[in-house]
Amino acid sequence: AVPRTRILATGGASHNKKILQVLSDVFNAPVYTIDTANSACLGSAYRAIHGLVAETNVSLADVVKLAPEPRLAVTPTVGAEEV
């Protein structure tokens, strides 16, 4: 089964519940946030870790499993997909 779409919001706007609610309603998907500083660098940091352990055949998916667990921030408003 294919997992449902979910949105991961980071950065300054991720602290604004009204913006997150609009995203959730427009894409009809739950929005999650990660409480971490400098989130713009997070993806490249995980790629760097992956590069360091590349000789051990560890997948990027396994490296990213070490990331902080995203928290559910908002869910779509009932009926929003009809609008």
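All values reported here derive from a predicted model rather than from experimental measurement.

Student: When you look at the overall build of the protein chain in this model, what are you seeing that I'm missing?
Tutor: Within the protein chain, the regular secondary structure consists of three helices and three strands. Reading the protein chain from its N end, one meets helices and strands in the order β-α-β-α-α-β. At 16 Å, the protein chain has a C-alpha radius of gyration far larger than the 12 Å of a compact globule built from 83 residues. Summarising its shape, the C-alpha atoms of the protein chain cover approximately 50 × 35 × 15 Å along the three principal directions. Within the protein chain, buried positions represent 25% of all 83 residues.

Student: What's the story with the environment of V31 in this structure? I'm lost.
Tutor: In this fold, V31 is placed in strand β2 (residues 31–33). Sequence separation between V31 and A54 is 23 residues, and the spatial gap between their C-alpha atoms is 32 Å. The contact partners of V31, leaving out residues within four places of it in the chain, are I7, A9, L20, L23, S24, R71, L72, A73 and V74.

Student: Teacher, can you tell me more about a nonpolar patch on the surface here?
Tutor: Residues V22, V26 and F27 make up a contiguous nonpolar surface patch of about 320 Å² in total accessible area. Residue V26 is classed as exposed on the basis of its relative accessible area, which comes to 61%.

Student: Whenever I open this one, the nonpolar core confuses me. Can you help?
Tutor: Looking at soluble globular proteins, one finds that nonpolar side chains tend to be buried together. In this structure, I7, A9, L20, A29, V31, A73 and V74 together form the largest nonpolar core, which totals seven residues. When residues of this core are traced back to their parent elements, those giving at least two are β1 (7–9) and β3 (71–74). With residues near it in sequence (within four places) discarded, L20 still touches A9, A13, S14, V31, T33, A73 and V74.

Student: Would you mind showing me how to read unusual backbone geometry here?
Tutor: Of all residues except glycine, most have a negative phi; of all peptide bonds, most are trans. Unlike most non-glycine residues, N28 shows phi in positive territory, near 50°. With respect to the secondary-structure elements, N28 resides in the loop between α1 (17–27) and β2. The phi torsion at N57 lies on the positive side, around 60°, for a residue other than glycine. Assignment of secondary structure puts N57 in the loop between α2 (42–52) and α3 (60–64).

Student: Can you help me understand the environment of T56 in this one?
Tutor: Secondary-structure assignment places T56 in the loop between α2 and α3. Of the polar contacts made by the side chain of T56, one reaches the backbone oxygen of V53; its length is 2.5 Å.

Student: Got a minute to help me understand the packing of aromatic side chains in this structure?
Tutor: To describe a pair of aromatic rings, one takes the distance between the centres and the angle between the planes. If you walk through the whole model with that rule in mind, you get zero aromatic pairs. If you follow R6 out to its NZ or CZ, it ends over the ring of Y32, 4.8 Å from the centre.

Cut-off values and rules
- Residues numbered from 1 in each chain as written.
- Predicted model: local features only at pLDDT ≥ 70, side-chain atom pairs only at ≥ 80, totals over all residues.
- Heavy atoms only, no water.
- Helix = DSSP H or I, 4+ residues; strand = E, 2+ residues; numbered from the N terminus.
- Rg over C-alpha atoms; globule rule 2.2 N^0.38 Å.
- Buried < 20%, exposed > 50% of the residue type's maximum accessible area, 1.4 Å probe, protein only.
- Contact = heavy atoms within 4.5 Å.
- Patch = residues over 30% accessible without salt bridge, like charges linked within 9 Å, V, L, I, M, F, W, Y side chains within 5 Å.
- Areas by Shrake-Rupley, 256 points an atom, 1.4 Å probe, with all protein chains shown as cover.
- Salt bridge = Lys/Arg side-chain N within 4 Å of Asp/Glu carboxyl O.
- Core = buried A, V, L, I, M, F, W, Y, C linked by side-chain atoms within 4.5 Å.
- Polar contact = N/O pair within 3.5 Å; in protein donor to acceptor, adjacent residues only side chain to side chain.
- Phe/Tyr/Trp six-rings, centres within 6.5 Å; stacked < 30°, edge-to-face > 60°.
- Lys NZ or Arg CZ within 6 Å of the ring centre and 35° of its normal.

Read these as spatial facts, not as claims about activity.
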